[in-house]
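Here are the chains, one letter per residue:
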Amino acid sequence: VLTSMIAAVLVRNLRRDYDRYSKLPTDEERNEDLEEFGWKLVHADVFRPPSHPMVLSVCCGTGMQLLCMSIMTVVFATMGFLSPARRGSLIMALLILYVLMGGVAGYVTSRMYKTFKGKSWQKATIMTAFGFPAITFAVFFVMDLLAISKQSSDAVPFTRMLILILLWF
């Protein structure tokens with residue numbers, strides 16, 4: 001309901017601005033046109049390139065990787081390849097699809113970075129490969145250290161954490 005209300009307001013404003021821009025102005029309206037209104041106020045901000053194009057490109061590439069991974073997982077689960085009864089298969093499918101969709105992330109990152117006239121697209125793809133996984137692993141590692149310090153049975157053994165680090169590289 002809220003989305004439809006916002007869409008209705010936007011469509012009404014766009015239609016009003018479009019009608020105002022497309023009609024032939026009179027002499028009186030030409031004098032008033034010196035003052036900008038509507039979309040003319042934001043046209044310079046909309047088409048300005050971002051101040052940090054590499055960060056935006058890396059985030060968009062990682063987001064596309066996660067989106068493709070999620071869609072493929074849902075498709076495979078819907079087709080019956082992944083059973084919720086076998087939790088390990090679901091986690092393995094997520095990890096394998098995340099790794100396989102790394103190519104999508106690199107492509108989206110490099111294309112978007114080149115669109116912003118970036119020069120070092122290789123650096124952008126390397127940041128995509130190490131950025132999100134490093135942050136995720138660091139958070140998981142800190143949480144696991146807290147679980148180990150509290151002697152929790154849910155803690156992942158430290159040797160397995162080292163194996164995960166070795167698999168990452």
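About the criteria used
- Residues numbered from 1 in each chain as written.
- Predicted model: local features only at pLDDT ≥ 70, side-chain atom pairs only at ≥ 80, totals over all residues.
- Heavy atoms only, no water.
- Helix = DSSP H or I, 4+ residues; strand = E, 2+ residues; numbered from the N terminus.
- Buried < 20%, exposed > 50% of the residue type's maximum accessible area, 1.4 Å probe, protein only.
- Contact = heavy atoms within 4.5 Å.
- Areas by Shrake-Rupley, 256 points an atom, 1.4 Å probe, with all protein chains shown as cover.
- pLDDT = per-residue confidence, 0-100.
- Expected span 1.5 Å × (residues − 1).
- Bend = angle between axes of the 7 residues up to and from the residue.
- Phe/Tyr/Trp six-rings, centres within 6.5 Å; stacked < 30°, edge-to-face > 60°.
- Lys NZ or Arg CZ within 6 Å of the ring centre and 35° of its normal.
- 1 Å grid on protein atoms, 1.4 Å probe; cavity = no way out; pocket = protein on both sides within 12 Å on 5 of 7 lines; lining within 4 Å.
- Points joined across faces, edges and corners; volume = space filled by probe spheres on them.
- Nonpolar A, V, L, I, M, F, W, Y, C, P; charged D, E, K, R; others polar.
- Arc of directions from axis to C-beta.
- Disulfide = S-S within 2.5 Å.

Across its full length, the chain carries eight helices and zero strands. Listing every helix and strand of the chain by position from the N terminus yields α-α-α-α-α-α-α-α. Counting over 169 residues, the chain shows a buried share of 18%. Contacts in the chain between residues far apart in sequence, at least 24 positions, make up 57% of those at least 6 positions apart. By element, 70% of the accessible surface of the chain is carried by carbon and sulfur atoms, the whole surface being about 13,100 Å².

Another aspect to go through is unusual backbone geometry. Phi at Lys117 takes a positive value of approximately 65°, unusual for a residue other than glycine. For Lys117, a relative accessible area of 67% gives the class exposed.

Let us now look at the confidence of the model for the chain. Any region with low pLDDT has predicted coordinates that should not be read closely. Per-chain confidence: the chain averages 82 in pLDDT, with 85% of residues scoring 70 or above. When pLDDT is averaged over each element of the chain, helix 4 (residues 53-78) comes out on top at 93 and helix 2 (residues 27-32) at the bottom at 60.

Side chains three or four residues apart in an α-helix point the same way, a direct result of the helix having 3.6 residues per turn. Taking 1.5 Å per residue, 29 residues should reach 42 Å; helix 7 (residues 121-149) reaches 42 Å between its end C-alpha atoms and fits that length. Its axis deflected by about 25° at Met127, helix 7 carries its strongest bend there. Among the residues of helix 7, Ala124, Thr128, Pro133, Phe137, Asp144 and Ala147 are the ones counted as buried. Gln151 lies just past helix 7 and shows a positive phi near 55°.

Let us now look at the packing of aromatic side chains. In the structure shown here, the tally under the stated rule is three aromatic pairs. Consider the rings of Phe76 and Phe81, whose centres lie 6.0 Å apart with planes at 75°: the pair is edge-to-face. Taken together, a centroid distance of 6.0 Å and an interplanar angle of 20° make the contact between Phe137 and Phe141 stacked. Here Phe137 pairs with Phe141, and both are found in helix 7, just four residues apart, close to one helical turn. We note Lys114 situated over the ring of Trp121; from NZ or CZ to the ring centre the distance is 4.9 Å.

Here the largest pocket defines a volume of roughly 1,100 Å³. Every residue lining the largest pocket is counted, 27 residues in all, and those nearest its centre are Leu95, Tyr98, Val99, Pro133 and Leu164. Looking at the lining of the largest pocket, the elements with two or more residues in it are helix 4, helix 5 (87-100), helix 6 (102-115), helix 7 and helix 8 (158-168). When residues in the lining of the largest pocket are grouped by element, the largest group, nine residues, is from helix 5. A per-class count over the lining of the largest pocket returns 19 nonpolar, seven polar and one charged.

Across its 14 residues, helix 5 extends 20 Å between first and last C-alpha, which sits within 8% of the 20 Å expected from 1.5 Å per residue. For helix 5, the complete set of buried residues consists of Ala93, Leu97 and Tyr98. Along the axis of helix 5, the buried positions cluster into a sector of 130°, meaning they face one direction only. Summarising the contacts, the buried residues of helix 5 are in contact with helix 4, helix 6 and helix 7.

Across all of its chains, the model carries zero disulfides by this definition. You can see Cys60 has no disulfide; the closest cysteine sulfur is in Cys59, sitting 7.0 Å from it. For Cys60, a relative accessible area of 28% puts it in the partly exposed group.

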